[in-house]
Amino acid sequence: KRWLVALWWAEIYARKGQKQEAEAAYRNATKLNPDSTVPWVYFGCWLATQERFQDAIDILTQALKASGDLDEVYLNLG
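The following refers to the structure shown. Predicted model only: the values in this text are computed from it and were never measured. (Residues numbered from 1 in each chain as written. Predicted model: local features only at pLDDT ≥ 70, side-chain atom pairs only at ≥ 80, totals over all residues. Heavy atoms only, no water.)

Some remarks on the overall build of the protein
- On a plain count of helices and strands, the protein comes out with five helices and zero strands.
- Taken against the 2.2 N^0.38 rule, which gives 12 Å for 78 residues, the C-alpha radius of gyration of the protein at 11 Å falls within 12% of a compact globule.
- Each principal axis of the C-alpha atoms in the protein carries an extent, and together these give about 30 × 30 × 15 Å.
- A buried classification covers 35% of the 78 residues belonging to the protein.
- Within the protein, counting contacts between residues at least 6 apart in sequence, those at least 24 apart form 40% of the total. (Helix = DSSP H or I, 4+ residues; strand = E, 2+ residues; numbered from the N terminus. Rg over C-alpha atoms; globule rule 2.2 N^0.38 Å. Buried < 20%, exposed > 50% of the residue type's maximum accessible area, 1.4 Å probe, protein only. Contact = heavy atoms within 4.5 Å.)

Written out as C-alpha cells, the structure is:
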C-alpha cells in the first residue's frame with residue numbers, strides 16, 4: 001500500500017501549501033498504483049484547485065484507463 005502512503009503525503013503537503021512536494025507525491029501515488037482511479041482522481045482534483053485545468057483534464061483522462069469508480073472520473077472531468 002505504498003501508493004496510499006504517497007497519496008496521504010500528497011494531501012498533507014497540499015494542506016500545508018507545499019505545492020511542489022504535493023505534486024511529486026501525487027505523481028508518485030499514480031505511478032505506484034496506475035490501475036486504480038483513486039490516485040488519479042485525487043491528483044486531478046488537486047490540479048483543478050490550483051487552476052491548472054488542462055493538467056487536470058490530462059490526468060483525469062488518464063484515469064479513464066484505470067479500473068474503479070469511473071463515475072467519479074467523469075464527474076470531475078465535467
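Some points on helix H2 (residues 19-32)
- Here H2 contains 14 residues, and its C-alpha end-to-end distance of 20 Å stays within 8% of the 20 Å for a straight helix at 1.5 Å per residue.
- Within the sequence span of H2, burial applies to Ala-22, Glu-23, Ala-25, Tyr-26, Ala-29 and Thr-30. Each buried residue of H2 lies within a common arc of 165° when the element is viewed along its axis, so the set occupies one face. For H2, exposure combined with an orientation more than 90 degrees from the buried face picks out Gln-20 and Lys-31. (Expected span 1.5 Å × (residues − 1). Arc of directions from axis to C-beta.)

Thoughts on the packing of H2 against helix H3 (residues 37-49)
- At their nearest, the axes of H2 and H3 sit 9 Å apart, and the two run at 155° to each other. In terms of axis orientation, H2 runs roughly antiparallel to H3. Here H2 runs over H3; the crossing is left-handed. Within the contact between the two elements, H2 uses Lys-19, Ala-22, Glu-23, Tyr-26, Arg-27, Ala-29 and Thr-30 and H3 uses Pro-39, Trp-40, Tyr-42, Phe-43 and Trp-46.
- In the contact of H2 with H3, the residues fall into eight nonpolar, one polar and three charged. (Axes fitted to C-alpha atoms, helices over the stretch in contact; angles between N-to-C directions. Parallel < 35°, antiparallel > 145°, perpendicular 65-115°, else oblique. Left-handed = near helix turned anticlockwise from the far one by under 90°. Nonpolar A, V, L, I, M, F, W, Y, C, P; charged D, E, K, R; others polar.)

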